[in-house]
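# Overview (structure and organization)
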Amino acid sequence: MNGSPNFGSGCSFAPWADPHEKPLIRFDAVTKKFDDFVAIDNLNLKIYEREFFALLGPSGCGKTTLMRMLAGFEQPTTGSIMMNQEHLTDIPPHRRPVNMMFQSYALFPHMTVEQNIAFGLKQERRPKAEIKERVEEMIALVQLQPFAKRKPHQLSGGQRQRVALARSLAKKPRLLLLDEPLGALDRKLREQTQFELMTIQEKLGLTFVIVTHDQEEAMTVASRIALMEQGKVVQVATPREIYETPNCRYVADFLGDVNIVGGHILGPDDKEEDIVQLAWHEDYAPLRVRLPQPVTFPAKGKEMWIAVRPEKVRITKDYPTDTHNILKGKVLDIAYTGNISTYHVRTEDGQIIKSQEANLEHLHRRAITWDDEVYVHWRAGGCVLLER
Amino acid sequence: MSNLTNLTEVTDLLTAGEPETPQRPKRRSRMVLPKNFGRCALILVPYVWLLVLFLIPFIIVVKISLSDTAIAMPPYTPTFDWAGGWASFKEMVGGWDFENFTWLMEDDLYWKSYLSSLEIAFVSSLLALLIGYPIAYSMARAPAEWRPTLLMLIILPFWTSFLIRVYAWIGILKKEGLLNMLLMHLGIIDDPLTILNTDLAVYIGIVYSYLPFMVLPLYSSLEKMDDSLLEAATDLGCSPFKAFWLITVPLSLPGVIAGCFLVFIPAVGEFVIPDLLGGSNTLMIGKTLWVEFFANRDWPVASAVAVILLILLVVPIVLFQRQQEKQQEKGA
Amino acid sequence: MKRFSFFNASALTLGFAFLYLPIVLLIIFSFNESRLVTVWGGFSTKWYSAVFANKGFMDAAWVTVRVGVVSATLATILGTMAALVLVRAGRFPGKTLFSGMVYAPLVMPEVITGLSLLLLFVSLDFDRGFWTIILAHVTFSMCYSAVVVSSRLVTFDMSLEEAAMDLGASRMATFFQVTVPIILPAIVSAWLLSFTLSLDDLVIASFTSGPGATTLPMKIYSQVRLGVTPEINALSTILVVLVSTGVIAASLLTKRREVQRRREERAAFAES
Ligand SMILES: Nc1ncnc2c1ncn2[C@@H]1O[C@H](COP(=O)(O)OP(=O)(O)OP(=O)(O)O)[C@@H](O)[C@H]1O
Ligand SMILES: [Mg+2]
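Since this is a predicted model, take the numbers as computed values, not measurements.

## Quick word on the packing of aromatic side chains
- Scanning the entire structure with this criterion turns up 37 aromatic pairs over all chains.
- Each ring, one from A:Tyr250 and one from A:Phe254, has its centre 6.1 Å from the other, and the planes form 35°; the classification is tilted. You can see A:Tyr250 and its partner A:Phe254 sitting in helix H8 (residues 249-254), 4 residues apart, about one turn around the helix.
- On the basis of an interplanar angle of 50° and a centroid distance of 5.9 Å, the ring pair of B:Trp169 and C:Phe18 is categorised as tilted. Of this pair, B:Trp169 sits in helix H7 (residues 162-173) while C:Phe18 sits in helix H1 (residues 6-29), placing the two residues on different chains.

## What to know about helix H2 (residues 37-65) of chain B
- The terminal C-alpha atoms of H2(B), which comprises 29 residues, lie 40 Å apart, in line with the 42 Å expected from a rise of 1.5 Å per residue.
- At B:Leu51, H2(B) is bent by approximately 35°, the largest bend along its length.

## Some thoughts on the pairing of strand S14 (residues 303-308) of chain A
All names here are of chain A.
- For S14, the tally of buried residues reaches 5 of 6 residues, placing the bulk of the element in the interior.
- The pairing of strand S11 (residues 259-268) with S14 spans 6 bridges and is antiparallel. Across the sheet, Gly-263 pairs through a bridge with Met-304, a residue of S14.

## Some points on the confidence of the model for chain A
- Of all residues in chain A, 95% have pLDDT values of 70 or greater, and the mean over the chain is 83.
- Here residues 1-10 of chain A scores under 50 on pLDDT; set against residues more than four positions off or in separate chains, the count is 22 contacts.

## What to know about the packing of helix H4 (residues 99-106) of chain B against helix H5 (residues 108-141) of chain B
All names here are of chain B.
- Look at H4 against H5: their axes get within 5 Å of each other, and the N-to-C directions meet at 75°. In terms of orientation, H4 lies roughly perpendicular with respect to H5. Where H4 abuts H5, its residues Trp-103, Leu-104, Met-105 and Glu-106 lie against Asp-108, Tyr-110, Trp-111 and Tyr-114.
- A breakdown of the residues in the contact of H4 with H5 according to their chemical character gives 6 nonpolar, no polar and 2 charged.

## Quick notes on the packing of helix H3 (residues 55-88) of chain C against helix H10 (residues 216-224) of chain C
- Between H3(C) and H10(C), the least distance of the axes is 7 Å, while the angle of their chain directions is 145°. Where H3(C) approaches H10(C), its residues C:Gly56, C:Phe57, C:Ala60, C:Ala61 and C:Thr64 are matched on the opposing element by C:Leu216, C:Pro217, C:Lys219 and C:Gln223.

## Thoughts on the confidence of the model for chain B
Residues and elements named next belong to chain B.
- Summing up the model confidence of chain B, the mean pLDDT is 81 and the portion of residues at 70 or higher is 82%.
- This model gives residues 17-32 a pLDDT under 50, and the stretch forms 36 contacts once residues within four places in sequence are excluded.
- In the predicted assembly, ipTM is 0.90 and pTM is 0.82.

## Here's the deal with the environment of B:Ser220
Residues and elements named next belong to chain B.
- Looking at the element boundaries, Ser-220 is found in helix H9 (residues 199-224).
- Residue Ser-220 is classed as buried on the basis of its relative accessible area, which comes to 7%.
- When the C-alpha atoms of Ser-220 and Ala-41 are compared, they prove to be 37 Å apart, with 179 residues separating the residues in sequence.

## Here we look at the sheet that holds strand S3 (residues 52-56) of chain A
All names here are of chain A.
- Pairing within the open sheet is mixed, and its 6 strands lie in the order S6-S7-S8-S3-S9-S10. Because the sheet does not close on itself, it has two edges, and the strands there are strand S6 (98-101) and strand S10 (232-237). Averaged over neighbouring strand pairs, the angle between their axes works out to 20° when direction is ignored.
- Pairing of strand S9 (residues 224-229) with S10, which is carried by 5 bridges, proceeds in the antiparallel orientation. Paired with Ala-226 across the bridge in S10 is Val-236.
- Sheet strands touched by helix H1 (residues 63-71): S3, S6, strand S7 (175-179), strand S8 (207-212) and S9. Its angle to S7, the strand with the most contacts, is close to 150°.

## Thoughts on the interface of chain C and chain A
- Between chain C and chain A, the contact holds 24 residues from the first and 29 residues from the second.
- Taken as a group, C:Glu162, C:Asp166 and C:Leu167 account for 30% of the area that chain C buries against chain A, more than any other trio of residues on that side.
- Where chain C touches chain A, the interface holds 11 residue pairs in polar contact (both at pLDDT 80 or more).
- Of all the elements in the fold, those that place two or more residues in the side of chain C that touches chain A are helix H7 (158-166), helix H8 (171-200) and helix H11 (230-271) of chain C.
- Per-element accounting of the side of chain C that touches chain A gives the leading share, 7 residues, to H7(C).
- In the side of chain C that touches chain A, the residues fall into 12 nonpolar, 5 polar and 7 charged.

## Remarks on the pattern of salt bridges
- This model, assessed by the stated rule, comprises 32 salt bridges over all chains.
- Its salt-bridge partner being A:Arg68, residue C:Glu162 comes within 2.9 Å of it at the nearest N-O pair. Of the two residues, C:Glu162 is situated in helix H7 and A:Arg68 in helix H1; the pairing between them involves two chains.
- The residue C:Glu33 makes a salt bridge to C:Lys46 at a minimum N-O spacing of 3.2 Å. Linking C:Glu33 in the loop between H1 and helix H2 (46-53) with C:Lys46 in helix H2, this pair joins segments that are 13 residues apart in sequence.
- Beyond isolated ion pairs, a larger network of salt bridges with shared partners links A:Lys32, A:Arg68, A:Glu74 and C:Glu162.

## A word on unusual backbone geometry
- Phi angles above zero are rare outside glycine, and A:Arg50 is one such case at about 70°.
- Of note, C:Asp125 is a non-glycine position whose phi angle comes to about 65°, a positive value.
- Mapped onto the elements, C:Asp125 comes out in the loop between helix H5 (110-123) and helix H6 (130-154).
- The exposure class of C:Asp125 is exposed, given its relative accessible area of 68%.

## As for the domain arrangement of chain B
Residues and elements named next belong to chain B.
- By the assigned domains, chain B splits into domain 1 (50-100 + 298-332) and domain 2 (109-294).
- Taking only C-alpha atoms into account, the centre of domain 1 sits 31 Å from that of domain 2.
- Of the residues lining the interface, 18 residues belong to domain 1; the matching set on domain 2 comes to 16 residues.
- In total, about 1500 Å² of surface goes out of reach between domain 1 and domain 2, with carbon and sulfur atoms giving 82% of it.
- Sorting the residues of domain 1 by area buried against domain 2 places Val-305, Leu-309 and Phe-320 first, and these three jointly supply 31% of that buried surface.
- In this assembly, domain 1 and domain 2 are joined by 0 salt bridges.
- Along the contact surface separating domain 1 from domain 2 lie 3 residue pairs in polar contact (both at pLDDT 80 or more).
- Broken down by class, the residue content of the side of domain 1 that touches domain 2 amounts to 14 nonpolar, 3 polar and 1 charged.

## Points about the interface of chain B and chain C
- Facing 104 residues of chain B, the contacting portion of chain C comprises 104 residues.
- Summing the contributions of chain B and of chain C, the shared interface buries around 9300 Å²; its carbon and sulfur component is 78%.
- Where chain B packs against chain C, one counts 1 salt bridge.
- Where chain B packs against chain C, one counts 10 residue pairs in polar contact (both at pLDDT 80 or more).
- Along the lines of polarity and charge, the residues of the side of chain B that touches chain C split into 76 nonpolar, 15 polar and 13 charged.

## Side note on helix H2 (residues 113-123) of chain A
- In terms of burial, H2(A) is largely enclosed, as 8 of its 11 residues are buried.
- Along H2(A), the positions that sit buried rather than exposed are A:Val113, A:Asn116, A:Ile117, A:Ala118, A:Phe119, A:Gly120, A:Leu121 and A:Gln123.
- Buried residues belonging to H2(A) abut helix H3 (128-141) and helix H4 (157-169) of chain A together with H7 and H8 of chain C.
- At the C-terminal side of H2(A), A:Arg125 shows a positive phi close to 55°.

## Description of the side chain of B:Ser303
- Residue position: B:Ser303 is located in helix H14 (residues 299-331).
- A relative accessible area of 0% places B:Ser303 in the buried class.
- Apart from residues lying up to four places away in sequence, B:Ser303 is in contact with B:Val61, B:Ile64, B:Ser65, C:Leu115 and C:Leu119.

## Considering the sheet that holds strand S13 (residues 287-290) of chain A
Residues and elements named next belong to chain A.
- As summarised here, the arrangement of the 5 strands in space is S13-S12-S11-S14-S20, forming an open sheet in which the pairing is antiparallel. Strand pairing shows two members of the sheet lacking a second neighbour, S13 and strand S20 (383-386), which therefore form its edges. Put simply, the sheet's adjacent strands are angled 45° from each other on average, direction ignored.
- Pairing geometry for strand S12 (residues 275-279) and S13, over 4 bridges, is antiparallel.

What counts and what doesn't
- Counting restarts for each chain, with residues numbered from 1 along the sequence as it is written.
- As a convention, the first chain written is A and the first ligand written is 1, with the rest following in written order.
- In keeping with the predicted nature of the model, local features appear solely for residues at pLDDT of at least 70, side-chain atom pairs appear and are counted solely at 80 or more, and the whole-chain, interface and lining totals rest on all residues.
- With hydrogens and water stripped out, all remaining heavy atoms of the structure feed into the side-chain values.
- When two rings of Phe, Tyr or Trp (its six-membered ring) have centres within 6.5 Å they constitute a pair, described as stacked for plane angles under 30 degrees, edge-to-face for angles over 60, and tilted for the intermediate range.
- Comment: elements are numbered from the N terminus, with helices defined as DSSP H or I runs of at least four residues and strands as E runs of at least two.
- A helix's residues, less one, multiplied by 1.5 Å, set its expected span.
- In this scheme, the bend at a residue equals the angle between the axes fitted to the seven residues that finish there and the seven that begin there.
- For each residue, the accessible area found with a 1.4 Å probe, counting protein chains only, is set against the maximum for its type, and the residue is called buried under 20%, exposed over 50%, and partly exposed in between.
- Note: two strands are recorded as paired if DSSP finds a minimum of 2 bridges between them.
- One confidence number per residue, pLDDT, is output by the predictor and ranges from 0 to 100.
- Two residues qualify as a contact provided that any one of their heavy atoms is within 4.5 Å of a heavy atom in the partner residue.
- Throughout, an axis means a line fitted to C-alpha atoms (over the contacting stretch in the case of helices), and angles, computed between N-to-C directions, take values from 0 to 180 degrees.
- By definition in this entry, angles of less than 35 degrees are roughly parallel, angles greater than 145 are roughly antiparallel, angles of 65 to 115 are roughly perpendicular, and the rest are oblique.
- Each residue is assigned to one of three groups, with Ala, Val, Leu, Ile, Met, Phe, Trp, Tyr, Cys and Pro labelled nonpolar, Asp, Glu, Lys and Arg labelled charged, and all others, Gly among them, labelled polar.
- Summed over both partners, the accessible surface that disappears when two parts come together, traced with a 1.4 Å probe, is what is meant by buried area.
- Pairs of N or O atoms within 3.5 Å make up the polar contacts considered here, provided that, within protein, one atom can donate a hydrogen while the other can accept it, and that residues adjacent in sequence are counted only when both atoms are side-chain atoms.
- The term salt bridge refers to a pairing of a side-chain nitrogen on Lys or Arg with a carboxyl oxygen on Asp or Glu at a separation within 4 Å.
- The split into domains, and so the bounds of each, comes from an automatic or database assignment of domains.

What follows is the structure in structure tokens.
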């Protein structure tokens, strides 16, 4: 993945897994109220040095508020935010070693690109030569050399976004906050910039916290993702973990597509001991889920849910063998999205199960079509069991 | 409290030529000035200035309106003597009475000038509306590339001296003036008309001087109107005239109200126009006050006139304020 | 392309004729040779020489300009402060009174403002003259300035200030390096508005001035009461032309900058 081997799981970079590692940022029971409205609700969070930390969540869940507390524009109502064992709360925004890249870029309209980038350095009254050198360095980093003397209104959206990035990086902040930095860009530019951001972060060895609405973006760039809901963090994990082993239905549903089937725990499978059976319908065979190691069996009769991603559900016309969970149904709808097709299958008991298949052949050669009788099936290891 | 949207809009139009496209930030930041010395100083300087030079003078006006006239400097009694302290203050308060107000009630000169000020201001507002509406409407319907120029032409008179613009009418309206010469030349009249020094001249002067204040709010409410509304109305079977009456007029009503207030309120207290264009029997309260003060040197009566004028104006000002606030709520 | 309809064209023509004809006639007759202002006696610029030779006019003009510059400058500073207080200071005791005092002078009859200020100066035993006119002018112009500046501040993108502070600028530095340059056009408008208000004012200046200080409107007024004279026509023409040129130039400048800016924006997007 573009020369950043640190990301993803199974990697060497995992300071959160090391109990001796000291976090760069620590939220301790932080609550933020706007009058009566609770925007951040008793939140605990640790962010480590050199992380690329993504905040994900629906609109209004408090992502921006969290960032603004880090930058110093909002004060927590209760709780404390620490940076390297130091209380951040009492430091005004202009003294924090934290810089922010604003969603609107907030470029100063009356200054050129150079002046915008130099602004932060000038505030520190660094020597002129040093400022000049640093500005040139930053302009080179974001490849804006031909535009150095232009003013923001003479730049295109993508160029403005680079200036904003360069400006927020110029002071080498310990922590860079990016609030939906790529929101205004088109898809192509966006993907390109994502990789640039990762390269820069890697090269400069900084800590980034990014807010994004785009889960694909979060999955691509982040070392860890925090998923938020109404001022609370629901799960913090690496992109792979959060996708493969969500800790609740909310997370499973928020990230990507998912099929969820509810039922009651029946007991362990008679053949394989790490597989648990879930009774979901009186007329049909129980579903089977392989539990992660170390195995802890849930109590019998407990209400739980199975989540399985559509790409892990196979669809065939013939009765499959060598699989754990099989449901019979009829194809209701097929959504064609170019590289894949998603089949919506209504099972005999009325549930809709989605199954995704890569389009290996041209459309007209597709074997399965509307109203076909089909079997959808998935392996016990392809799904997860959720308590909530 | 008093956020006069339309007034703000009008000053926007007057100063910038075009209203700024509202790019209101999505997040209403709570970042305010710090509660420290700097903030206090920032608040205190204009606050104290306005207290000393705006509010306290009013209190003094009220105080003097309760005093008696005297041939002295200052020409009223009792005066307050700082050295006398509390006793002097008590003496001053003891000397207060409502004599001046009683006097204003009894002398029908004052009554009449209040009433005729209100009447002149009211009629002028209506006339300004009648003249201003077609102008504003035509401006709003004009080709887009023309609108800034037209707006500039409406705004320009506002910037040029009020006194000079009133003065310009004297040469036109007087007996041997340009209007009479023209009319006689065309054979419409045989003898010159007496227009200058009549109420008619005052109406002309007020309408002329305050027309921009009528046109601007009208224009800004008419311009905001979506063309497709009229298209929809005609599509649903309205004749163009009926569409104008049923769609355009109701939607421009806020502009109409704002414009009328912006003409009416300053017109009530107007001095220059009735003085230069009106006659000796044109009664307007601003002129009465001026005469009372400068010619009769009766400061207490002049103050009493001012107090009553202010009381008269409070009603329209509060109504105007209400309307503005309602507009603002609707806008928000 | 939309065109003027017949009704619109005639309404505008009549309307603007009503607005401009008196001024145009005044300008024409300022070049009249004859002393009789309504009879054309041939072209002449002699009344202009008369204006410049008239010491009374020139002195009054000088007083007016000085009053205008000083009061406009003070009014802009105070008005900007008042606007900041209105928009940014949050709640403080007496805020309602404060905003009332800012908006009230805009609708206050001049005779009342003038009278009340005079009575204040008398009771404080101030010598009336140049400085009392300035105090009076600052008081009402600052309210106009406050309205102009606050309407710009309300639409100010706060993230710009936050960005500046985020980059290490203190509140003061943020204000002077970011806020002021961006709201500068509004501040300039406020100054120009204050200056013209001061230039135009007759009533308040009459109340608050003393023997030593006569402003141009006061001078013109005292002459006008005696009748129309070609000298006043010439003086008025000079004033009208000066102010109009200033206003038109300012608006053309703004307009050109705007057009230039749009063009550059379009170019930037076309480029990428
Ligand atoms: N200054 C404020 N005053 C009052 N409420 C606020 C303020 N700022 C934020 N809120 C509220 O707090 C909640 C969280 O806002 P926040 O901007 O943090 O959401 P967000 O997760 O960034 O949303 P989005 O994805 O839409 O940007 C929202 O309901 C918002 O209305
Ligand atoms: Mg947000």
